[in-house]
Amino acid sequence: DGERGMKLELARTLAGWVSRTRLPVGVEAPAADARFATEFAAPPAWAFPLLGGERVQGVLVLLEADTEAWAAPDREQVWVPWASLAAWALERAWLREALESRQSALDTSETRRLQCERGAAVGSLVQDMAEEMQATLGGLGGRLLKLGRTFAAEDERTQTINLLIKDIERLAGLLQSQIDLTAAD
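Here the structure is a predicted model, which is why all the values come from computation and not from measurement.

Novice: Break down the overall build of the protein chain for me, with residues and values.
Specialist: Scanning the protein chain for helices and strands turns up four helices and three strands. Helices and strands in the protein chain line up, N terminus first, as α-β-β-β-α-α-α. For the protein chain, restricting intrachain contacts to residue pairs at least 6 apart in sequence, the fraction spanning at least 24 positions comes to 51%. Accessible surface, the protein chain: about 13200 Å² in total, of which carbon and sulfur atoms supply 58%.

Novice: Talk me through the pairing of strand β2 (residues 45–52); I want residue IDs and the actual numbers.
Specialist: Within β2, seven of the eight residues are buried, which leaves the element mostly enclosed by the surrounding structure. Bridge count between strand β1 (residues 25–27) and β2: three bridges; the pairing is antiparallel. Bridged to V27 within β2 is A45. Direction of pairing for β2 relative to strand β3 (residues 55–63): antiparallel, over a ladder of eight bridges. Following the sheet pairing, W46 is matched in β3 by L62.

Novice: Any details on the pattern of salt bridges? Residues and values, ideally.
Specialist: Counted according to the given criterion, the structure contains five salt bridges. In this structure, E117 engages R113 in a salt bridge whose closest nitrogen and oxygen atoms are separated by 2.2 Å. Remark: R113 and E117 occur in helix α3 (residues 75–148); sequence separation between them is four residues, near one turn of the helix. Overall, R113 belongs to the partly exposed group, its relative accessible area being 37%. Here the salt bridges share partners, and the residues they tie into one network are E110, R113 and E117.

Novice: Hey, could you go over the nonpolar core for me, with residue numbers and the actual values?
Specialist: The nonpolar side chains of a soluble globular protein tend to be buried, and buried together. By size, the foremost hydrophobic cluster in this structure holds nine residues: W46, F48, L50, L60, L62, W79, A83, A86 and A87. Those elements giving two or more residues to this core turn out to be β2, β3 and α3. When residues in this core are grouped by element, the largest group, four residues, is from α3.

Novice: Which residues make up the sheet that holds β1, and what are the values?
Specialist: Ordered in space as β1-β2-β3, the three strands form an open sheet in which the pairing is antiparallel. The open sheet has two edge strands, β1 and β3, and neither has a second partner. The sheet shows a mean angle of 20 degrees between the axes of neighbouring strands, direction not considered.

Novice: Could you give an account of helix α4 (residues 156–182), naming the residues involved and the relevant values?
Specialist: Counted at 1.5 Å a residue, the expected span for α4 with its 27 residues is 39 Å, and the 39 Å between its end C-alpha atoms agrees. Three or more residues of α4 are buried, namely T158, I161, I165, I168, L175 and I179. In this structure, the buried side of α4 is in contact with α3. Between a side-chain oxygen at the N-terminus of α4 and the backbone nitrogen of R157 the separation is 2.9 Å; the capping residue is D155.

What counts, and where the lines are drawn
Residues numbered from 1 in each chain as written. Predicted model: local features only at pLDDT ≥ 70, side-chain atom pairs only at ≥ 80, totals over all residues. Heavy atoms only, no water. Helix = DSSP H or I, 4+ residues; strand = E, 2+ residues; numbered from the N terminus. Contact = heavy atoms within 4.5 Å. Areas by Shrake-Rupley, 256 points an atom, 1.4 Å probe, with all protein chains shown as cover. Buried < 20%, exposed > 50% of the residue type's maximum accessible area, 1.4 Å probe, protein only. Pairing = 2+ DSSP bridges. Salt bridge = Lys/Arg side-chain N within 4 Å of Asp/Glu carboxyl O. Core = buried A, V, L, I, M, F, W, Y, C linked by side-chain atoms within 4.5 Å. Axes fitted to C-alpha atoms, helices over the stretch in contact; angles between N-to-C directions. Expected span 1.5 Å × (residues − 1). Polar contact = N/O pair within 3.5 Å; in protein donor to acceptor, adjacent residues only side chain to side chain.

Put into structure tokens, the structure is as follows:
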């Protein structure tokens, strides 16, 4: 436990060597091997590169407590294919993560596109409704003007008609603002 937290230069470690050379290695006494800066007693170890195409995905290090198991002649033959399979699985996991991230970005883009389309449809509907209301108000205003001419200027009905015409003009102005806001460029 005294070795925990110890920092070693990656280039001088068993994993660093395997990562750099891309070769599996079995070391009976890592502390005695000049290739590695191992300052603590380590058990016999095997290290296998996890190769994904041209890239080293990682290094599988097996520490052996049993010296006889370490020296088994088929050790490398057993673990090299396993390391290849582990590298393949890691690469697939990273590719899946990248694909899911891109899919999420596409989903977000699609959601935004649909929101824009809905917004455009609502804008078009609002514009159409405003134009219809404006046309109706224009017709009402014209009829009220005609009706107002039939009464004397001092007649109470003429004053009411004039108030209605002013309200129609105000509403028509609001509708025109809405039409201008929603009109396509």
